[in-house]
Amino acid sequence: MNRRLFIISSAVVAIGLPVAYYYRKNKWDNSYLTTPCMLSNICDKKTLIQIGEIYRKQVPGENVKQTLKNLIVTNNTGKLTTLTDHEQIVAFIDEKIRQEFQRSETTIIKNWIISITEARQCALLSLST
């Protein structure tokens, strides 16, 4: 390996590690609770927050962060999930959303038909910003 390639590689690693750490720390810290996966691919953050604010006005009993967090990770029998792995929780939430659409457990906010869990995620996002 020549000197120039070594210096460039070292600089990339020196810059990349702190950036990756910052991104991972801020991006994934409970983002699976505050960001509805499918909806976030279509809507920008501002729209998600607006949806959350409207939902919180419609359902004032769900206007507390911890209540929303618990409801998002509660299964269909009313028990909190015991999953701890990030990927498993994301899969659990995605499956819960899919089941809610199948059971027509949806709401219409800003002309979007969304599941109750997605609405709760938006509500939690609106409380978190």
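The following paragraphs examine the structure supplied in this document. Since we're looking at a predicted model, the values are computed, not measured.

## Concerning the overall build of the protein chain
Here is step 1 of the chain: Counting its secondary structure elements, the protein chain contains seven helices and two strands.
Here is step 2 of the chain: Reading the protein chain from its N end, one meets helices and strands in the order α-α-α-α-α-α-β-β-α.
Here is step 3 of the chain: When the 129 residues of the protein chain are sorted by exposure, 31% land in the buried category.
Here is step 4 of the chain: Taken as a whole, the protein chain presents about 8700 Å² of accessible surface, with 57% of it coming from carbon and sulfur.

## Looking at the packing of helix H4 (residues 45–58) against helix H7 (residues 116–128)
Here is step 1 of the chain: Running from amino to carboxyl end, H4 crosses H7 at an angle of 105 degrees, the nearest separation of the two axes being 7 Å. In terms of orientation, H4 and H7 fall into the roughly perpendicular class. Within the contact between the two elements, H4 uses Lys-45, Leu-48, Ile-49, Ile-51, Gly-52, Glu-53, Tyr-55 and Arg-56 and H7 uses Ile-116, Ala-119, Arg-120, Cys-122, Ala-123, Leu-125, Ser-126 and Leu-127.

## Structural notes on the packing of helix H6 (residues 86–102) against H7
For any two helices packed against each other, the geometry is given by the interaxial angle and the distance between the axes.
Here is step 1 of the chain: Viewed as axis vectors pointing N to C, H6 and H7 meet at an angle of 130 degrees, and their least axial separation amounts to 8 Å. In terms of orientation, H6 lies oblique with respect to H7. Between H6 and H7, the contacting residues are Ile-93, Lys-96, Ile-97, Glu-100 and Phe-101 on the first element and Ile-116, Thr-117, Glu-118 and Gln-121 on the second.
Here is step 2 of the chain: Taken together, the residues of the contact of H6 with H7 break down into four nonpolar, two polar and three charged.

## Brief notes about a nonpolar patch on the surface
Here is step 1 of the chain: A cluster of nonpolar side chains, contributed by Phe-101, Ile-108 and Ile-113, occupies part of the molecular surface with about 300 Å² of accessible area.
Here is step 2 of the chain: Looking at where Ile-108 falls in the secondary structure, it is placed in strand S1 (residues 106–109).

## Observations regarding the pairing of S1
Moving residue by residue along a regular strand, the side chains alternate between the two faces of the sheet.
Here is step 1 of the chain: Across the two faces of S1 the burial differs, with Thr-107 and Ile-109 buried and Thr-106 and Ile-108 not buried at all.
Here is step 2 of the chain: Bridge analysis of S1 against strand S2 (residues 112–115) gives four bridges, and the strand direction is antiparallel. Bridge pairing in S2 places Ile-108 opposite Ile-113.
Here is step 3 of the chain: Once S1 ends, the chain turns through two residues before running back antiparallel as S2, passing Lys-110 with a positive phi of about 55 degrees.

## What to know about H4
Here is step 1 of the chain: Taking 1.5 Å of rise per residue, 14 residues should cover 20 Å, and H4 covers 20 Å from first to last C-alpha, within 8% of that figure.
Here is step 2 of the chain: Considered for burial, the residues of H4 that qualify are Thr-47, Leu-48, Ile-49, Ile-51, Gly-52, Tyr-55 and Arg-56.
Here is step 3 of the chain: Contact partners of the buried residues in H4: helix H3 (37–42), S1, S2 and H7.

## Some points on the pattern of salt bridges
Here is step 1 of the chain: In total, this model carries three salt bridges according to the counting rule given.
Here is step 2 of the chain: Residues Arg-120 and Glu-62 are paired through a salt bridge, measuring 2.9 Å at the closest nitrogen-oxygen approach. One end of the pair, Arg-120, is in helix H7; the other, Glu-62, is in the loop between H4 and helix H5 (65–72), and 58 residues separate them in sequence. We note that Arg-120, like Glu-62, is buried.
Here is step 3 of the chain: Across the pair Arg-103 and Glu-105 runs a salt bridge whose closest N-O atoms are separated by 3.0 Å.
Here is step 4 of the chain: Classification of Glu-105 as partly exposed rests on a relative accessible area of 33%.

Rules and cut-offs
Residues numbered from 1 in each chain as written. Predicted model: local features only at pLDDT ≥ 70, side-chain atom pairs only at ≥ 80, totals over all residues. Heavy atoms only, no water. Helix = DSSP H or I, 4+ residues; strand = E, 2+ residues; numbered from the N terminus. Buried < 20%, exposed > 50% of the residue type's maximum accessible area, 1.4 Å probe, protein only. Areas by Shrake-Rupley, 256 points an atom, 1.4 Å probe, with all protein chains shown as cover. Axes fitted to C-alpha atoms, helices over the stretch in contact; angles between N-to-C directions. Parallel < 35°, antiparallel > 145°, perpendicular 65-115°, else oblique. Contact = heavy atoms within 4.5 Å. Nonpolar A, V, L, I, M, F, W, Y, C, P; charged D, E, K, R; others polar. Patch = residues over 30% accessible without salt bridge, like charges linked within 9 Å, V, L, I, M, F, W, Y side chains within 5 Å. Salt bridge = Lys/Arg side-chain N within 4 Å of Asp/Glu carboxyl O. Pairing = 2+ DSSP bridges. Expected span 1.5 Å × (residues − 1).

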